[in-house]
Amino acid sequence: MISGCTRVAGVIGDPVRHSLSPALHNAAYDALGLDWVYVTFEVPAGSTRAALQAARSLGLVGLSVTMPHKAAAADACDDVSADASRLHSVNTVTVADDGRLHGDSTDGEGFLRSLRAAGHDPNGCKVLLLGAGGAARAVALSLHRAAAHVQVAARRADAAAAVPDATPIAWDARHDAARAVDIVVNATPIGMDGDETVAVDVHRGLVVADLVYHPLDTPLLRAARAAHAPTVDGLGMLVHQAALQVERWSGRAAPVETMRAAAMRELHRRGSNAG
Ligand code: NAP
């Protein structure tokens, strides 16, 4: 029930209407008994600063930030976390009581939590990261902090070299590299469309994580299961980065299982409606 006391949080992005974040956040607020509602704000590129100013003026709880605003949000906040500063990327804005805007990046920590929740501690592990975009950069930073040794393979050598705290290798070297690591992480969009796969050699015991969550069951994860390798799907990262936002904004532990169930229901609903 929305009343005069209900507070608003949301996500800015473009496109943003198909975001799963409303399902994740509203399920969490409901479970925590918070009189908050989470909505999407379609904000075009170039309007990031104006949107954050509005969040301050309107007294929003906070904002999630997605493409194309992550870099501009890092410039527009009053202060940013060390990770967000290093990545020059903000996915979480917290509006303080005095109106100050604090920017943070919860993607890397979200990935780590999803890995650990699936029973895999990366401490001391060798990790092969595929892709060198925004998600890969965030994941590399957090894996390094968790004492993992990260190699990154990307089709653009300059992009791989710019990933923080990781050793770049050639894209074509990923097959050999996969045989010598403990964990492989797909941080490219390969797998979102049909049967295209990122094609690495999967061996039994290799932990295979995919950041792609639509579809949830990617060709890479199917190949891993066929090789009896443990898998970590991309929904875990999505849920945990949102859970960290809920925690930042409310100061309370997020109901992670409730959030994942809500996201699964939403994905299922969309799948059912697709035909
Ligand atoms: P991004 O910044 O666009 O980076 C994509 C990376 O993948 C780039 O290195 C790109 O290389 C590479 N790539 C794209 N197509 C490729 C191909 N066909 N072959 C080889 N490399 C290819 O995207 P991002 O934000 O990092 O996101 C990457 C993926 O992670 C997306 O699928 C996204 O949906 C997913 N993601 C999931 C979560 C989650 O919570 N689960 C969070 C963030 C992102 P070039 O630079 O050469 O194009």
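Look up a bit, the structure's there.
Since this is a predicted model, take the numbers as computed values, not measurements. (Residues numbered from 1 in each chain as written. Predicted model: local features only at pLDDT ≥ 70, side-chain atom pairs only at ≥ 80, totals over all residues. Heavy atoms only, no water.)

## Examining the sheet that holds strand β9 (residues 167-170)
1) Next: As summarised here, the arrangement of the six strands in space is β9-β8-β7-β10-β11-β12, forming an open sheet in which the pairing is parallel. A strand with exactly one partner marks an edge of an open sheet, and here the two such strands are β9 and β12 (231-232).
2) Next: Strand direction decides the pairing type here: strand β7 (residues 126-130) and strand β8 (residues 149-154), joined by five bridges, are parallel. In the strand pairing of β8, leucine 128 is matched with glutamine 151. (Pairing = 2+ DSSP bridges. Helix = DSSP H or I, 4+ residues; strand = E, 2+ residues; numbered from the N terminus.)

## Looking at the packing of aromatic side chains
1) Next: Enumeration over the complete set of coordinates arrives at two aromatic pairs.
2) Next: For the ring pair tyrosine 29 and tryptophan 36, a centre distance of 5.2 Å and an interplane angle of 80° mean the geometry is edge-to-face. Accessibility classification places tyrosine 29 together with tryptophan 36 in one group, the buried group.
3) Next: Grouping aromatic residues by their ring pairs yields a cluster made of Tyr29, Trp36 and Tyr38.
4) Next: The ring of tryptophan 171 is capped by arginine 174, whose NZ or CZ atom sits 4.1 Å from the centre of that ring. (Phe/Tyr/Trp six-rings, centres within 6.5 Å; stacked < 30°, edge-to-face > 60°. Buried < 20%, exposed > 50% of the residue type's maximum accessible area, 1.4 Å probe, protein only. Lys NZ or Arg CZ within 6 Å of the ring centre and 35° of its normal.)

## A short note on the packing of helix α5 (residues 107-117) against helix α10 (residues 234-250)
Between two packed helices, both the angle of their axes relative to each other and the distance between the axes serve to describe the pair.
1) Next: Two numbers describe how α5 lies on α10: the axes approach to 7 Å, and their chain directions differ by 120°. Relative to α10, the element α5 is oriented oblique. The handedness of the crossing between α5 and α10 comes out as right-handed. Residues Asp107, Glu109, Gly110, Phe111, Arg113, Ser114 and Ala117 of α5 form the contact with α10, whose participating residues are Gly236, Met237, His240, Gln241, Leu244 and Glu247.
2) Next: Here the contact of α5 with α10 is built from residues that sort into four nonpolar, five polar and four charged. (Axes fitted to C-alpha atoms, helices over the stretch in contact; angles between N-to-C directions. Parallel < 35°, antiparallel > 145°, perpendicular 65-115°, else oblique. Left-handed = near helix turned anticlockwise from the far one by under 90°. Contact = heavy atoms within 4.5 Å. Nonpolar A, V, L, I, M, F, W, Y, C, P; charged D, E, K, R; others polar.)

Shape is all these values report; function is a separate question.
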